[in-house]
Amino acid sequence: PANTLSLHDALPIFLGTGGVSIFAAQLATLCGGAKVIATSSSDEKLARVAAALGVGYLGGVNYRNVKDWDKEVVRINGGRGVDHVIEGTLVSLS
(Lines give C-alpha, C1' and ligand atoms only; values in the text may rest on other atoms or scores of the structure.)
Protein backbone atom coordinates (compact mmCIF):
# COMPACT_ATOMS: atom_id res chain seq x y z
CA PRO A 1 0.00 0.00 0.00
CA ALA A 2 1.05 3.58 -0.64
CA ASN A 3 0.91 4.70 3.00
CA THR A 4 3.13 2.07 4.60
CA LEU A 5 6.81 2.12 5.55
CA SER A 6 9.23 -0.56 4.49
CA LEU A 7 12.81 -1.36 5.47
CA HIS A 8 14.02 0.29 2.26
CA ASP A 9 12.22 3.61 2.71
CA ALA A 10 14.10 6.84 3.31
CA LEU A 11 12.17 9.30 5.42
CA PRO A 12 13.51 12.84 5.50
CA ILE A 13 12.59 15.33 8.20
CA PHE A 14 12.18 18.59 6.32
CA LEU A 15 12.68 21.81 8.28
CA GLY A 16 11.84 20.17 11.55
CA THR A 17 14.44 18.93 14.00
CA GLY A 18 12.37 19.67 17.07
CA GLY A 19 10.80 17.22 19.46
CA VAL A 20 7.73 16.35 17.36
CA SER A 21 9.78 15.64 14.24
CA ILE A 22 12.34 13.58 16.14
CA PHE A 23 9.55 11.58 17.81
CA ALA A 24 7.89 10.89 14.45
CA ALA A 25 11.23 9.82 12.97
CA GLN A 26 11.94 7.54 15.95
CA LEU A 27 8.51 5.97 15.55
CA ALA A 28 9.10 5.43 11.82
CA THR A 29 12.47 3.80 12.42
CA LEU A 30 11.23 1.58 15.25
CA CYS A 31 7.94 0.51 13.70
CA GLY A 32 8.68 0.63 10.00
CA GLY A 33 12.45 0.37 9.78
CA ALA A 34 12.71 3.65 7.85
CA LYS A 35 16.05 5.39 7.44
CA VAL A 36 16.04 9.12 8.14
CA ILE A 37 17.64 12.02 6.28
CA ALA A 38 17.26 15.26 8.23
CA THR A 39 17.39 18.84 6.99
CA SER A 40 17.97 21.78 9.30
CA SER A 41 19.48 25.24 9.44
CA SER A 42 21.73 24.14 12.31
CA ASP A 43 24.54 21.59 12.55
CA GLU A 44 23.80 21.30 16.28
CA LYS A 45 20.21 20.27 15.56
CA LEU A 46 21.39 17.73 13.00
CA ALA A 47 23.71 16.27 15.64
CA ARG A 48 20.75 16.00 18.03
CA VAL A 49 18.76 14.05 15.41
CA ALA A 50 21.73 11.76 14.76
CA ALA A 51 22.08 11.03 18.48
CA ALA A 52 18.36 10.36 18.87
CA LEU A 53 18.10 8.01 15.88
CA GLY A 54 21.39 6.11 15.92
CA VAL A 55 21.45 3.44 13.20
CA GLY A 56 18.22 4.76 11.68
CA TYR A 57 20.01 7.94 10.58
CA LEU A 58 21.39 8.12 7.02
CA GLY A 59 22.65 11.69 7.24
CA GLY A 60 21.73 15.33 7.43
CA VAL A 61 21.88 18.49 5.35
CA ASN A 62 22.25 22.02 6.67
CA TYR A 63 20.18 23.87 4.07
CA ARG A 64 21.77 27.20 4.98
CA ASN A 65 25.20 25.87 4.02
CA VAL A 66 24.19 23.68 1.06
CA LYS A 67 22.50 25.61 -1.74
CA ASP A 68 21.20 22.54 -3.59
CA TRP A 69 20.16 20.67 -0.46
CA ASP A 70 17.57 18.67 -2.39
CA LYS A 71 20.31 17.18 -4.57
CA GLU A 72 22.34 16.41 -1.45
CA VAL A 73 19.37 14.48 -0.01
CA VAL A 74 19.24 12.41 -3.20
CA ARG A 75 23.00 11.80 -2.99
CA ILE A 76 22.76 10.66 0.64
CA ASN A 77 19.96 8.30 -0.38
CA GLY A 78 22.06 6.54 -2.98
CA GLY A 79 20.87 8.52 -6.00
CA ARG A 80 17.14 8.13 -5.49
CA GLY A 81 14.45 10.37 -4.12
CA VAL A 82 12.68 9.85 -0.82
CA ASP A 83 9.55 7.91 -0.04
CA HIS A 84 7.95 9.94 2.76
CA VAL A 85 8.26 13.43 4.26
CA ILE A 86 7.69 14.67 7.80
CA GLU A 87 7.07 18.41 7.94
CA GLY A 88 7.36 19.56 11.52
CA THR A 89 6.77 23.29 11.02
CA LEU A 90 3.66 24.77 12.61
CA VAL A 91 1.83 27.60 10.93
CA SER A 92 -0.34 30.13 12.76
CA LEU A 93 -3.59 30.96 11.02
CA SER A 94 -4.43 33.93 13.24
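That block above? That's the structure.
Please read all numbers here as calculations on a predicted model, not as lab measurements.

Sorry, what's going on with the overall build of the protein chain here?
Looking only at helices and strands, the protein chain features three helices and four strands. In sequence order, the protein chain lays out its α and β elements as β-α-β-α-β-α-β. Put simply, the protein chain has 94 residues, and 37% of those count as buried. For the protein chain, the share of sequence-separated contacts (at least 6 apart) that also reach a separation of at least 24 residues comes to 55%. Approximately 5700 Å² of the protein chain is accessible, and the part contributed by carbon and sulfur atoms is 58%.

Mind showing me how you'd approach the environment of Val82 here?
Note on placement: Val82 falls in the loop between helix H3 (69-76) and strand E4 (86-87). Distance in space between the C-alpha atoms of Val82 and Val36 is 9.6 Å, their sequence separation being 46 residues.

Cut-offs used in this document
Residues numbered from 1 in each chain as written. Predicted model: local features only at pLDDT ≥ 70, side-chain atom pairs only at ≥ 80, totals over all residues. Heavy atoms only, no water. Helix = DSSP H or I, 4+ residues; strand = E, 2+ residues; numbered from the N terminus. Buried < 20%, exposed > 50% of the residue type's maximum accessible area, 1.4 Å probe, protein only. Contact = heavy atoms within 4.5 Å. Areas by Shrake-Rupley, 256 points an atom, 1.4 Å probe, with all protein chains shown as cover.

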